[in-house]
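Descriptive analysis of the structure
Chain by chain, the residues:
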Amino acid sequence: MSDEVTHRVSAEGVDPLALAGVNDGNLIELAKRLGVRVSLRGDTLTLQGAVAAVERAAQVAEALVDLARMGDQLDVADVERVLGEGAQGALGTPPVGEYRIILPGLRRVIQAKTPGQREYLQAIAQHDIVVGIGPAGTGKTYLAVAAAVDALSRKRVRRIVLARPAVEAGESLGFLPGDLQEKVDPYLRPLYDALEDMMPRDRVQKAIDSRTIEIAPLAYMRGRTLGDAFVILDEAQNATGMQMKMFLTRLGVNSRAVITGDKTQIDLSNREDSGLLQIERILPGIEGVAFCYLTEADVVRHRLVRDIIRAYAEDAQG
């Protein structure tokens, strides 16, 4: 057809599999969603179709090439995310290169995949206390743990402290079998999982044994001063106001803290007791403290998670 155009995007230096996906799944998704023909030959990604469709596809393709060039193994969810950024006019925002995290022993790069995550990592790099608020699957804890391991490996801090409030979400700790450590371990397991994704398991265990990394219930923080440490308080929506104040006043010299939480998952009997809601009211405006709000647009789990979060939000609004 005479109104068709061809546009070529350079993919030099990019792993073809990382860009195209398994069985060219990423290219097929791009073609299906934007109504263009897509092919990858050598170092060139070729787009063919109507002028408007190719122009939009070129922007998306260049953003995907940039991600793949940074060492990311892309999948269909990444294509959808970049398409969503294009729809919101967020394509063309500065690359996240300076906020990439390259961890020793890992064969891949940990980096922001959405504008919200980019702002979150940027805030962690620039502030002593960062509060990350958003739904499940937005990478709040994962990226915070990556930043902590990065700070430890670069010797910017001497230890990592990961804490969670052990709140009974419909279950009673007293009726669980085992000693106290066995009772609280299920609450802390997501933090172990994140750590083991960043470091070889034997190194994680060695660091825990030497107390270079400490994973503990929030209550264990009372009466301590956490100096020269990267401290993460996870699931902060379930910390009471008193616990939150106790946690924030533990910070010592050369320490930084990341507080993560989801306001839609408060398990306290009285929602207004949540320390996360309290600091959201009283801490904004303090220099060195940053609040980052992630949304369903920043979800990096299965694509259905984003739709499920949106459906629950719409139901809550009546």
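This is a predicted model, so every value here is computed, not measured.

A few words now on the confidence of the model for the protein chain. With 83% of its residues at a pLDDT of 70 or more, the protein chain has an overall mean of 82. Note that residues 92–98 has pLDDT below 50 and, in this model, eight contacts with residues that lie over four places away or in other chains. When the criterion is pLDDT under 50, residues 168–176 qualifies, and its contacts beyond four places in sequence or with other chains add up to nine contacts.

Quick look at the pattern of salt bridges now. For the coordinates displayed, the defined rule picks out eleven salt bridges. Residues R164 and D234 are paired through a salt bridge, measuring 2.8 Å at the closest nitrogen-oxygen approach. In this pair, R164 sits in strand β7 (residues 159–164) while D234 sits in the loop between β9 (229–233) and α9 (241–248), placing the two residues 70 residues apart along the sequence. The class for D234 is buried, based on a relative accessible area of 2%. In this structure, the salt-bridge partner of E214 is R224, at a minimum N-O distance of 2.8 Å. Placement of E214 in strand β8 (residues 213–217) and of R224 in the loop between β8 and β9 is noted, with a sequence separation of ten residues between them. Of the residues examined, E214 reaches a relative accessible area of 12% and is grouped as buried. In this structure R224 comes out as partly exposed when scored by relative accessible area, which is 21%.

All right, on to the environment of S274 then. Along the polypeptide, S274 turns up in the loop between β10 (256–261) and α10 (275–282). S274 sits in the buried class, given a relative accessible area of 1%. For S274 and Q237, which are 37 residues apart along the polypeptide, the C-alpha to C-alpha distance reads 5.6 Å. Sequence-distant contacts of S274, defined by excluding residues within four places in its chain, comprise A236, Q237, A239, G241, I266 and L268. In this structure the side chain of S274 is engaged in a polar contact, spanning 2.9 Å, whose partner is the backbone oxygen of Q237.

For the rest of this paragraph, the subject is the sheet that holds strand β1 (residues 4–10). Spatially, the three strands line up as an open sheet ordered β1-β3-β2, and their pairing is antiparallel. Two strands close off the open sheet at either side, each with one partner strand: β1 and β2 (37–41). Averaged over all pairs of adjacent strands, the angle between their axes in this sheet comes to 20°, without regard to strand direction. Here β2 runs beside strand β3 (residues 44–50); their pairing, made up of five bridges, is antiparallel.

For helix α5 (residues 115–126), built from twelve residues, the straight-helix expectation of 16 Å at 1.5 Å per residue is met to within 8% by its first-to-last C-alpha distance of 17 Å. Among the residues making up α5, those that are buried are G116, Q117, R118, Y120, L121, A123 and I124.

So, how was this worked out
Just so you know, the residues in each chain are numbered from 1, in the order the chain's sequence is written. In keeping with the model being predicted, local features are shown solely for residues with a pLDDT of at least 70 and side-chain atom pairs are shown and tallied solely at 80 or more, while totals for entire chains, interfaces and linings include all residues. Values reported for side chains reflect all heavy atoms of the structure, with hydrogen atoms and water molecules removed beforehand. pLDDT is a per-residue confidence score from the predictor, ranging from 0 to 100. Here a residue-residue contact requires only that any non-hydrogen atoms of the pair lie within 4.5 Å. Between Lys or Arg on one side and Asp or Glu on the other, a salt bridge is scored when a side-chain nitrogen of the former is within 4 Å of a carboxyl oxygen of the latter. Helix and strand labels come from DSSP, where a helix needs a run of H or I of at least four residues and a strand needs a run of E of at least two; each type is numbered from the N terminus. Under the scheme applied here, a residue whose accessible area is under 20% of the maximum for its type counts as buried, over 50% as exposed, and between as partly exposed, the area being computed with a 1.4 Å probe on protein chains only. In protein, a polar contact requires one atom able to donate a hydrogen and another able to accept it; more generally it is a pair of N or O atoms within 3.5 Å, and residues adjacent in sequence count only if both atoms are side-chain atoms. Between any two strands, at least two bridges found by DSSP are needed for them to pair. Here an axis means a line fitted to C-alpha atoms, over the contact stretch when the element is a helix, while the angle between two N-to-C directions is reported on a 0 to 180 degree scale. Multiplying 1.5 Å by the helix residue count minus one yields the expected span of that helix.

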